[in-house]
Amino acid sequence: MKKHPLILRLAIALAVAAAMTALAASGLLDSADGAASDAVYQQPVGADGEVVVVGIDQRALEELGPFPWPRSVIADAIGYLNSDPDERPSVIGIDVLFIGESTDPDADAYLVEVADEYNNVVFASAATFGSELVQNGDGTFYMDDRAVLAWDSPFDALAAVSHTGQINAMPDADGLIRHMLLYVDVPGVGRVPSFSRKLYELWCADHGETPNPQPRVNEDGFFYLPYTAKPGGYYDSVSVVDLVNGEIEPDYFAGKIVLIAPYAAGLQDAYLTAVDHAEPMYGIEIQANAIDSYRAAFFPRELGGRWQLALTFVLCFLAMLWFYDRKVSLALPVWAALSAGWVGLCVLLYRSGVILHVLWVPLFITALFVASVAVNYVRAQREKHRVQNTFGHYVDPAVMKQLLEHGSGELELGGKLYDIAVLFVDIRGFTTMSEALDPPTVVEIINKYLTLTTECIMKNHGTLDKFVGDCTMAFWNAPFPQEDAIYLACRAAMDMVEGSKAVGEELMERFGRSVSFGVGVNYGPAVVGNIGAPKRMDYTAIGDTVNTAARLEANAPGGTVYISRVVADALGDRARTTSLGGSIKLKGKAEGFEVLTLDALE
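The rules we used
Going along each chain's sequence as written, the residues are numbered from 1 onward. Owing to the predicted nature of the model, reporting of local features is limited to residues with pLDDT of at least 70; listing and counting of side-chain atom pairs is limited to 80 or more, with chain, interface and lining totals taken over all residues. Calculation of side-chain values draws on the structure's entire complement of heavy atoms; hydrogens and water are dropped beforehand. The way it works is that DSSP assigns letters per residue, a run of H or I at least four long becomes a helix, a run of E at least two long becomes a strand, and they are numbered from the N terminus. In this description the radius of gyration comes from C-alpha coordinates, and the expected globular size is given by 2.2 Å times residues to the power 0.38. A simple rule labels every residue: compare its accessible area, found with a 1.4 Å probe on the protein chains alone, to the largest value its type can have, and call it buried under 20%, exposed over 50%, or partly exposed in between. When checking whether two residues touch, look at their non-hydrogen atoms; a contact exists if any pair is within 4.5 Å. We get accessible surface area from the Shrake-Rupley algorithm with a probe of 1.4 Å; when it comes to residues, only the shown protein chains can shield them. The convention is simple: Lys and Arg are positive, Asp and Glu are negative, and His and the chain ends are not counted. A charge is said to be at NZ when it belongs to Lys, at CZ for Arg, at CG for Asp and at CD for Glu. Using a 1 Å grid laid over the protein atoms alone, points where a 1.4 Å probe fits but cannot get out form a cavity; open sets with protein on both sides within 12 Å along at least 5 of 7 lines form a pocket; any residue with an atom within 4 Å of a point counts as lining. Grid points are joined across faces, edges and corners, and a volume is the space filled by probe spheres set on the points. Exposure above 30% relative accessible area and no salt bridge define the residues that can form patches, which grow by joining like charges within 9 Å and nonpolar side chains of Val, Leu, Ile, Met, Phe, Trp and Tyr within 5 Å. Salt bridges are identified by distance alone: a Lys or Arg side-chain nitrogen within 4 Å of an Asp or Glu carboxyl oxygen. To obtain an axis, a line is fitted to C-alpha atoms, over the contacting stretch when the element is a helix, and the angle between two such axes runs from 0 to 180 degrees between their N-to-C directions. Here roughly perpendicular refers to angles of 65 to 115 degrees, roughly parallel to angles under 35, roughly antiparallel to angles over 145, and oblique to all remaining angles. Note: crossing handedness is left-handed where the near helix turns anticlockwise from the far helix by less than a right angle, and right-handed where it turns clockwise. Only a pair of cysteine sulfur atoms within 2.5 Å counts as a disulfide in this structure description. Pairing between strands is defined by DSSP: at least two bridges between the two strands are required. In this scheme, a helix's expected span is set at 1.5 Å multiplied by one less than its residue total.

Colleague: Just checking my understanding: could you explain the overall build of the chain for this structure?
Modeller: Summing up its helical and strand segments, the chain has 18 helices and 23 strands in all. Relative to the globule expectation of 25 Å for 602 residues, the C-alpha radius of gyration of the chain, 46 Å, shows a markedly less compact shape. Reported as C-alpha extents along the three principal axes, the dimensions of the chain are approximately 140 × 60 × 45 Å. Residues classed as buried in the chain amount to 46% of the 602 residues present. For the chain, long-range pairs separated by at least 24 residues make up 74% of all intrachain contacts whose partners lie at least 6 apart in sequence. Carbon together with sulfur atoms contributes 56% to the accessible area of the chain, which is approximately 28,600 Å² in total. Once the 43 positive and 75 negative side-chain charges of the chain are each reduced to a mean point, those two points are 22 Å apart.

Okay, here's the thing in C-alpha cells:
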C-alpha cells in the first residue's frame, strides 16, 4: 500500500465503478429509478380544454343500465354532438370496441349511418400480443415475443365508413404507464396508428394545420409520454347521458376533440401512471395526454442505455477517486455538488428532449460518500487505538491528544531530527541493597521508584522513553514542540529528587537501608522516532545529546542533578546552579566540557 498508493486507489475506484455500473445494468434499480425520474420529469401543467372527455360514468350506468348498451346509445351521442354543422367537434373518439355485429342489427345499422354521415369519428381497435415462432426469409425460425396473435377492430360495415386506431395500453415492468405504442403492424392489415395519433391528425386536418412530426420510437414502437394533466384533468363531469338527454349545448364541444369512453371504476379501464403513482388514470385520459403531447411536439427520448451506463461508470470512478481517504469536510461539498448537479442536468436535458436516469448517479454517489465516511471513521478509530497502544503507557496525555489529532505519521519506522531535552535517572545504592534482600522485596522497591519517576515525568508533560533496570529515560519537545521543554525536564528532575526522600525514609524504616536518585539533564539535537524492525520497534531518541545526558546521570551522586551549560543558560535566573567546570570527565567528551549541579529551581 505504501509503495503503490495511486495504483491501489485507481484499482479500487475501477472495481467500485464497475460494480455500480453492473448494478444499474441489472435492472434491480429500475423501479426506484422510475419513481425518481417520474418525480423530476412528470410535471403536469394542466389541460387547455381542447380535449374533452365524455364519460361512460357511474351516473350514465345508473340511468342507462349496465354496460355494454345498445349501439344506438353511442350513435345518439355522436348525432347530438354533430347536430349543429357550424358548432360540431373537429373529431370524436369512441374508446369502445365494436367487434362484429351485435344482436340488434338495427342499432348496428344506425351506428354505421351516423358514422358515415359525419365522417369525424374514430373507433377503437386493439391487438392481442404473445409469443409466436416466426420463419425468416432464409428458412430459419425465431421466437417473436411481440407477435400479434389477434386483432379486434370495428365490424366491417362500421370500419368501411369510419376511422380506427389501436388503444393498447402497456405498462412498464413496474406496472406504470410511461410509454405509448405509436402503431401496430397487423398481419394482413398493415400498420395501424394509435388511437390518439389518428385523432390528432384528423383534428389538424379540420383546423387546416400540418401535423407535427411523429415521435421517434424504440425498436418496439414505443415513445416516452410526458403527461400534460393528472387523473381527472380532462373530465369536467360531462356524462354520455348528458348527450343522450340533450342536457348540454353542442357548441361546448365546437372544434374540439371529444373522447367518449369508460369512466367508472367497475368498467376496469384504469391504470397507474408515471404522473401519479397512487391514483389510477382512466385509459381515455392516457389517450388525451398523448394527443396533447402530439400537439406540443415535445417527445423526449431516453439516452441510449450504453451511453448512460458509460456516464455512470465515469462519474462513479471519479467520485471514488475523490472520496477515497478524503476528510468529510472535503467530501461533503463534492457529494452535494455532484448529486444536485446531476438532478439539475437531468432537468435541463429533459427540457431539450433527452432523458437520463435520475436516480443512478445520486444514489451511487451517496453510497460512495457514506461508505467513504464509514471507512474513514473505522480507519481513524483503528489509528487512534494504534496510537494509544503504542504511546499510551509512556506519553503524557497532552502529547497523546496531539498525536490523536494529527494522526499516526510518527508511528512509522524511522525518525526525525528534533531539539530535545533528555533526562536520565538512576537509583544509587540499589545494587548493594538488592543483594541483601529477597527478590519480591527488590521488585517492590524498584516499582516504588519507577512509579515515582513516571509520575514526575507525566506531571511535567514528558515522554517516558524506557526503563533499563533501575534506570529511567525521558525526553521533551518531541514528537511535537513544547513550550519551555528544558524547564519541564529540570522540574521533573527536581521533583524526583524531592520525592525520593520520602521513599528513602520508608525504606529505612522497613529495611534499615535507603537509596537515592542521580539525575542527568541535557539539551540538543537528536533523532526521535520508531527505531528497530517493522515487527519490533521502540519509540526512542538517539544521538550524542542522549549519550551526554546518560553520562551526566552516571556521574551524578545520589540526590544530585547534573546539567550541561546549554541547560543552565536556558534556565537563566529561574535556577540556582553550581559549576563544576571541567572536573567531571564525561566519556566521549573533550576537555573543558562544563558540568553543573542544579541546586534549586523556581
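Colleague: Sorry if this is basic, but what is going on with the layout of surface pockets here?
Modeller: In this approach the atoms are scanned with a rolling probe the size of a water molecule, which exposes any empty space left behind. The calculated volume of the largest pocket comes to roughly 1,000 Å³. Forming the walls of the largest pocket are 37 residues, and the residues nearest its centre are Asp172, His179, Asn218, Glu302 and His357. Listing elements by their share of the lining of the largest pocket, those giving two or more residues are α1 (5–26), α2 (30–41), β9 (222–224), β14 (301–302) and α10 (305–323). The greatest single-element share of the lining of the largest pocket, amounting to seven residues, is contributed by α2.

Colleague: Where do I start with a nonpolar patch on the surface in this structure?
Modeller: A cluster of nonpolar side chains, namely Leu417, Val527, Ile531 and Ile542, defines an oily patch on the protein surface of about 320 Å² accessible area. With respect to the secondary-structure elements, isoleucine 531 resides in strand β19 (residues 516–533). The exposure class assigned to isoleucine 531 is partly exposed, which follows from its relative accessible area of 31%.

Colleague: Mind showing me how you'd approach the pattern of salt bridges here?
Modeller: Any two side chains of opposite charge can pair, on the condition that their charged atoms come close. For the structure shown, the criterion picks out 23 salt bridges. Here glutamate 444 ties to arginine 510 by a salt bridge, and the two come within 2.9 Å at their closest N and O atoms. One end of the pair, glutamate 444, is in helix α15 (residues 439–459); the other, arginine 510, is in helix α16 (residues 485–511), with 66 residues separating them in the sequence. By relative accessible area, glutamate 444 is classed as partly exposed at 32%. A relative accessible area of 42% places arginine 510 in the partly exposed class. Via salt bridges that share partners, Asp38, Asp172, Asp174 and Arg178 belong to a single interconnected network.

Colleague: Even after reading the chapter, I still don't get the packing of helix α7 (residues 195–207) against helix α9 (residues 283–296), so can you show me in this structure?
Modeller: Angle between the axes and distance between the axes: these two values describe a pair of packed helices. At a minimum axis distance of 9 Å, the contact between α7 and α9 shows a crossing angle of 50°. Taken together, α7 and α9 sit at an angle that is classed as oblique. Handedness of the α7/α9 crossing: right-handed. When α7 is examined against α9, the residues Phe195, Ser196, Arg197, Leu199, Tyr200 and Trp203 are found in contact with a partner set consisting of Ile284, Gln287, Ala290, Ile291, Tyr294 and Arg295.

Colleague: Would you take a moment to explain the state of the cysteines for this structure?
Modeller: One way to say it: the disulfide is the covalent bond shared by the sulfur atoms of two cysteines. Per the stated rule, a full pass over the model turns up zero disulfides. Cysteine 316 takes part in no disulfide bond, and the closest cysteine sulfur to it belongs to cysteine 346, at a distance of 13 Å. Cysteine 316 gets classed as buried once you look at its relative accessible area, which sits at 1%. Note on cysteine 346: relative accessible area 0%, which makes it buried.

Colleague: Quick question: what am I supposed to make of the environment of aspartate 538 here?
Modeller: Of note, aspartate 538 is situated in strand β20 (residues 536–542). Accessibility expressed as a relative area gives 37% for aspartate 538, which makes it partly exposed. When the C-alpha positions of aspartate 538 and lysine 466 are compared, they lie 8.8 Å apart, and in sequence the two are 72 residues distant.

Colleague: What exactly am I supposed to notice about the side chain of aspartate 108 here?
Modeller: Looking at where aspartate 108 falls in the secondary structure, it is placed in helix α5 (residues 105–118). Assessed through its relative accessible area of 5%, aspartate 108 is described here as buried. In this structure aspartate 108 touches Arg71, Glu101, Ser102 and Phe155, once residues within four positions along its chain are discounted.

Colleague: Help me understand the pairing of strand β18 (residues 471–476) in this model?
Modeller: Where a strand is regular, its side chains alternate between the two sheet faces. The buried fraction of β18 is high, at six of six residues. Residues of β18 alternate between two faces, with Cys471, Met473 and Phe475 on one and Thr472, Ala474 and Trp476 on the opposite face, all of them buried. The sheet contact formed by strand β17 (residues 463–468) and β18 spans five bridges and is antiparallel. The partner of lysine 466 across the bridge, within β18, is methionine 473. Remark: two residues form the turn of the hairpin made by β17 and β18, two consecutive strands paired antiparallel; glycine 469 in that turn has positive phi of roughly 65°.

Colleague: I would appreciate a short explanation of α15 in the present structure.
Modeller: Note that an α-helix has 3.6 residues per turn; residues three or four places apart therefore point the same way. Taking 1.5 Å per residue as the helical rise, α15 with its 21 residues ought to reach 30 Å, and the 30 Å between its terminal C-alpha atoms agrees with that figure. If you check which residues of α15 are buried, you get Thr441, Val442, Ile445, Ile446, Tyr449, Leu450, Leu452, Thr453, Thr454, Cys456, Ile457 and Met458. In the stretch just after α15, histidine 461 is the one whose phi turns positive, near 65°.

Colleague: Got a minute to help me understand the environment of arginine 551 in this structure?
Modeller: With respect to the secondary-structure elements, arginine 551 resides in helix α17 (residues 544–555). Note on arginine 551: relative accessible area 26%, which makes it partly exposed. Ignoring anything within four residues of it in the chain, the contact list for arginine 551 reads Leu586, Lys587 and Gly588.

Colleague: Is there a simple way to explain the environment of lysine 230 in this structure?
Modeller: Take lysine 230: it is sitting in the loop between β9 and β10 (235–239). Assessed through its relative accessible area of 43%, lysine 230 is described here as partly exposed. Here the alpha-carbon distance between lysine 230 and aspartate 84, two residues 146 residues apart in the chain, equals 32 Å. Sequence-distant contacts of lysine 230, that is, excluding residues within four places in its chain, are made with Pro44, Val275, Asp276 and Met281.

Colleague: Explain α10 here, please?
Modeller: Relative to the 27 Å expected for 19 residues at 1.5 Å per residue, α10 spans 26 Å between its end C-alpha atoms, a close match to the ideal helical length. Along α10, the residues classified as buried are Gln308, Thr312, Cys316, Phe317, Ala319, Met320, Leu321 and Phe323. Just beyond α10, the residue with positive phi is aspartate 325, at close to 60°.

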